[in-house]
Amino acid sequence: MRNRISLACAGLVVALAIASLPIAFSRMSHSVWLDESQTHLISRQSTWGSVTAMALKERPYPPLYFLVVHYSLLWRDDETGLRMPSAVFGALTLVAVFLLGRQFAGPVTGTIAALLLFLTPGAFRYFVDGNAYTLLMLTSALSTLLLLRAARSNSWGDWSLYAMSALVWLATHSVFLFHAAAQVLAGGW
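The rules behind each value
Residues numbered from 1 in each chain as written. Predicted model: local features only at pLDDT ≥ 70, side-chain atom pairs only at ≥ 80, totals over all residues. Heavy atoms only, no water. Helix = DSSP H or I, 4+ residues; strand = E, 2+ residues; numbered from the N terminus. Buried < 20%, exposed > 50% of the residue type's maximum accessible area, 1.4 Å probe, protein only. Arc of directions from axis to C-beta. Contact = heavy atoms within 4.5 Å. Axes fitted to C-alpha atoms, helices over the stretch in contact; angles between N-to-C directions. Parallel < 35°, antiparallel > 145°, perpendicular 65-115°, else oblique. Left-handed = near helix turned anticlockwise from the far one by under 90°. Nonpolar A, V, L, I, M, F, W, Y, C, P; charged D, E, K, R; others polar. Core = buried A, V, L, I, M, F, W, Y, C linked by side-chain atoms within 4.5 Å. Salt bridge = Lys/Arg side-chain N within 4 Å of Asp/Glu carboxyl O. Phe/Tyr/Trp six-rings, centres within 6.5 Å; stacked < 30°, edge-to-face > 60°. Patch = residues over 30% accessible without salt bridge, like charges linked within 9 Å, V, L, I, M, F, W, Y side chains within 5 Å. Areas by Shrake-Rupley, 256 points an atom, 1.4 Å probe, with all protein chains shown as cover. Expected span 1.5 Å × (residues − 1).

*Asks:* Looking at this structure, I do not really get unusual backbone geometry. What am I missing?
*Replies:* In this model, asparagine 154 sits at a positive phi of 55 degrees, which is unusual for a non-glycine residue. Within the element layout of this structure, asparagine 154 appears in the loop between helix 8 (133–153) and helix 9 (156–169). With a relative accessible area of 59%, asparagine 154 lands in the exposed category.

Right under this line is the structure:
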């Protein structure tokens, strides 16, 4: 019975994540605002080096999100191409939040957490925004999940995986530095 509940909850969250994509795409036709135009300017550079240099010059973000948008704009150079990575990262965030909630308190709690994230207007707004916020939400949830796993197992391998992932995820957004610092304190505690 417990396994069926877990499977049903996981299926519901995957369906919610998939359904979030067309909902997000249907809300992508609004005007591009200043920060998004900077994302477009940075991501339209011709090489990874120029994307990185422009990102560090124009915005206080590390270049990972801009590199992803760079390839999205090669597929479609309009508002949808600019915002599509955020929608995909948002959908993946729903799954990551489910996994984190499931680890903390079980599959029903994980499902409720994912549903609340989806229904939160401010959070869902980031699904259709050409900025790194959904990537930040995704990396925060995943790194917290890996921290929980490492704290529970206390194995060198899990701690190494967490540390490596946190280093990679520092390439997401400068605000992640605060998340990483809080996670180090929590992990030490």
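*Asks:* Looking at this structure, how should I read helix 2 (residues 34–43)?
*Replies:* Three- or four-residue spacings in an α-helix give side chains the same orientation, since the helix completes a turn every 3.6 residues. Within helix 2 the residues assigned to the buried category are Glu36, Gln38, Thr39, Ile42 and Ser43. Down the axis, helix 2 shows its buried residues gathered within 155 degrees of arc, on one side only. Here the buried face of helix 2 lies against helix 3 (48–58), helix 4 (64–75) and helix 5 (79–105).

*Asks:* Is there a simple way to think about the packing of helix 4 against helix 5 in this case?
*Replies:* A pair of packed helices is captured by two measures, namely the crossing angle of their axes and the spacing between those axes. The geometry of helix 4 relative to helix 5 is characterised by a closest axis approach of 7 Å and an angle of 125 degrees between their N-to-C directions. One way to sum up the angle between helix 4 and helix 5 is to call them oblique. Pair helix 4 / helix 5 crosses with right-handed handedness. Within the contact between the two elements, helix 4 uses Tyr65, Val68, Val69, Ser72, Leu73 and Trp75 and helix 5 uses Gly81, Leu82, Met84, Pro85, Ser86 and Phe89. Classifying every residue of the contact of helix 4 with helix 5 by side-chain character gives nine nonpolar, three polar and no charged.

*Asks:* Help me understand the nonpolar core in this model?
*Replies:* Judged by nonpolar contacts, the single largest core of 31 residues is most densely connected at Ala24, Ile42, Tyr65, Phe66 and Leu94. Secondary-structure elements contributing two or more residues to this core are helix 1 (2–25), helix 3, helix 4, helix 5, helix 6 (107–119), helix 7 (121–126) and helix 8. With seven residues, helix 5 is the single largest residue contributor to this core. If we skip the residues at most four places from it in the chain, phenylalanine 66 touches Thr39, Ile42, Ser43, Val51, Ala55, Arg59 and Tyr61. Residues Leu146, Leu147, Ala166 and Trp169 belong to the second largest nonpolar core, which totals five residues.

*Asks:* Help me out: how do you make sense of the pattern of salt bridges in this one?
*Replies:* Here the idea is simple: oppositely charged side chains can pair when their charged atoms come close. In the structure shown here, the tally under the stated rule is four salt bridges. Where arginine 83 meets glutamate 36, a salt bridge forms, and the shortest distance between an N and an O atom there is 2.7 Å. One end of the pair, arginine 83, is in helix 5; the other, glutamate 36, is in helix 2, and 47 residues separate them in sequence. Side by side, arginine 83 and glutamate 36 carry an identical accessibility label, which is buried. Aspartate 158 is the partner of arginine 149 in a salt bridge, and the nearest nitrogen-oxygen pair spans 3.2 Å.

*Asks:* Help me out: how do you make sense of the environment of alanine 19 in this one?
*Replies:* Mapped onto the elements, alanine 19 comes out in helix 1. A C-alpha to C-alpha distance of 8.5 Å links alanine 19 and alanine 91, two positions 72 residues apart in sequence.

*Asks:* Please explain the packing of aromatic side chains as it appears in this structure.
*Replies:* The description of two aromatic rings rests on the distance between their centres and on the angle between their planes. Counted by the stated rule, this structure contains six aromatic pairs. Members of the aromatic cluster, connected to one another through ring pairs, are Tyr65, Phe66 and Phe89.

*Asks:* Where do I start with a nonpolar patch on the surface in this structure?
*Replies:* Where nonpolar side chains cluster on the molecular surface, the patch consists of Met1, Ile5, Val108, Ile112 and Leu116 and spans about 510 Å² of accessible area. For the nonpolar patch, the element with the most residues is helix 6, which contributes three residues. Among the structural elements, isoleucine 112 can be located in helix 6.

*Asks:* For this particular structure, what's the right way to read helix 1?
*Replies:* End to end, helix 1 covers 35 Å across 24 residues, agreeing with the expected 34 Å (1.5 Å per residue, within 8%). Among all positions in helix 1, only Ser6, Cys9, Val13, Leu16, Ala17, Ser20 and Ala24 are buried. Looking at the packing, one finds that the buried side of helix 1 touches helix 5, helix 6 and helix 7.

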